[in-house]
Amino acid sequence: QVQLVESGGGLVQAGDSLKLSCAASGLAFSSYALGWFRQAPGKEREFVTTILWSGRTYYADSVTGRFTISRDNAKNTLYLQMNSLKPEDTAVYYCAAQAQKAEVIVDESRGYDYWGQGTQVTVSS
């Protein structure tokens with residue numbers, strides 16, 4: 001049974017930093033690309049960042065330079081370091097896992113096979 005559990009969300013002020021974690025179980029962690037998506041109230045889920053099997057990373061333009069994705073395969077844990085947070089970063093953040101495939105889809109929800117329950121990040125101004 002595959003399970004992804006996010007944690008680390010909370011309420012912070014603009015300019016603050018926050019680090020999210022996603023603990024995975026029930027899958028071969030190192031064989032999956034891992035990503036973060038977020039969804040604000042009334043909006044569609046959007047891509048934030050992904051780290052591939054090789055370690056290559058991709059970031060949405062809105063977070064480039066502020067967010068850093070990383071993975072610890074030994075701990076089966078994905079991280080998202082968020083710096084210089086802005087009110088527009090407020091959303092529920094979800095981690096997602098994508099199995100290796102011929103055609104990789106890194107920045108769209110449809111490319112991912114498993115999802116966590118989400119953790120709330122609120123950035124006040």
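Provided above is the structure to which this section pertains.
Predicted, not measured: the structure shown is a model, and the values here were computed from it. (Residues numbered from 1 in each chain as written. Predicted model: local features only at pLDDT ≥ 70, side-chain atom pairs only at ≥ 80, totals over all residues. Heavy atoms only, no water.)

Chemist: Can you explain the sheet that holds strand β7 (residues 67-72)? Please cite residues and give values.
Modeler: A sheet is described by the order of its strands in space; here 4 strands give the open sequence β1-β3-β8-β7, paired in antiparallel fashion. Two strands lie at the open edges of the sheet, namely β1 (3-7) and β7, each paired on one side alone. Taken pair by pair, the neighbouring strands of this sheet meet at an average axis angle of 15°, ignoring direction. (Pairing = 2+ DSSP bridges. Helix = DSSP H or I, 4+ residues; strand = E, 2+ residues; numbered from the N terminus. Axes fitted to C-alpha atoms, helices over the stretch in contact; angles between N-to-C directions.)

Chemist: Please give an account of the state of the cysteines that cites residues and values.
Modeler: Enumeration according to the criterion identifies 1 disulfide in this entry. Residue Cys22 pairs covalently with Cys95 via a disulfide, S to S 2.0 Å. Its S-S torsion of approximately 55° makes the covalent link between Cys22 and Cys95 right-handed. Separated by 73 residues along the polypeptide, Cys22 in strand β3 (residues 18-25) and Cys95 in strand β9 (residues 91-99) bring together distant segments of the chain. (Disulfide = S-S within 2.5 Å.)

Chemist: Now, about the pattern of salt bridges: what can you tell me, with residues and values included?
Modeler: Evaluated as defined, the whole model comprises 5 salt bridges. Of the charged contacts, one joins Lys101 and Asp113 as a salt bridge, the two residues approaching to 4.0 Å between their closest N and O atoms. Here Lys101, found in the loop between β9 and β10 (114-115), pairs with Asp113, found in the loop between β9 and β10; they are 12 residues apart in sequence, far enough to count as distant. On the accessibility criterion, Lys101 (35% relative accessible area) is partly exposed. Asp113 gets classed as partly exposed once you look at its relative accessible area, which sits at 39%. Between Glu108 and Arg110 there is a salt bridge, and its shortest N-O distance comes to 2.6 Å. Beyond isolated ion pairs, a larger network of salt bridges with shared partners links Arg38, Glu46, Arg66 and Asp89. (Salt bridge = Lys/Arg side-chain N within 4 Å of Asp/Glu carboxyl O. Buried < 20%, exposed > 50% of the residue type's maximum accessible area, 1.4 Å probe, protein only.)

Chemist: I'd like a description of the packing of aromatic side chains, backed by residues and values.
Modeler: A full pass over the atoms with the stated rule returns 5 aromatic pairs. Measuring from ring centre to ring centre gives 6.2 Å for Tyr32 and Tyr114, while their planes differ by 55°; the resulting arrangement is tilted. Pair noted here: Tyr32 is in strand β4 (residues 32-39) and Tyr114 is in strand β10, with a separation of 82 residues, a long-range link. When its relative accessible area of 14% is taken as the criterion, Tyr32 is described as buried. Here Tyr114 falls in the partly exposed class, since its relative accessible area comes to 31%. Linked through ring pairs, Phe37, Phe47, Tyr112 and Trp115 together constitute an aromatic cluster. Sitting above the plane of the Trp115 ring, Arg45 keeps its charged end 4.5 Å from the centroid. (Phe/Tyr/Trp six-rings, centres within 6.5 Å; stacked < 30°, edge-to-face > 60°. Lys NZ or Arg CZ within 6 Å of the ring centre and 35° of its normal.)

Chemist: Outline unusual backbone geometry, supporting the account with residue identities and numerical values.
Modeler: Its identity is not glycine, yet Asn76 carries a phi of approximately 50°, on the positive side. Here Asn76 is to be found in the loop between β7 and β8 (77-82). Here Asn76 falls in the partly exposed class, since its relative accessible area comes to 27%.

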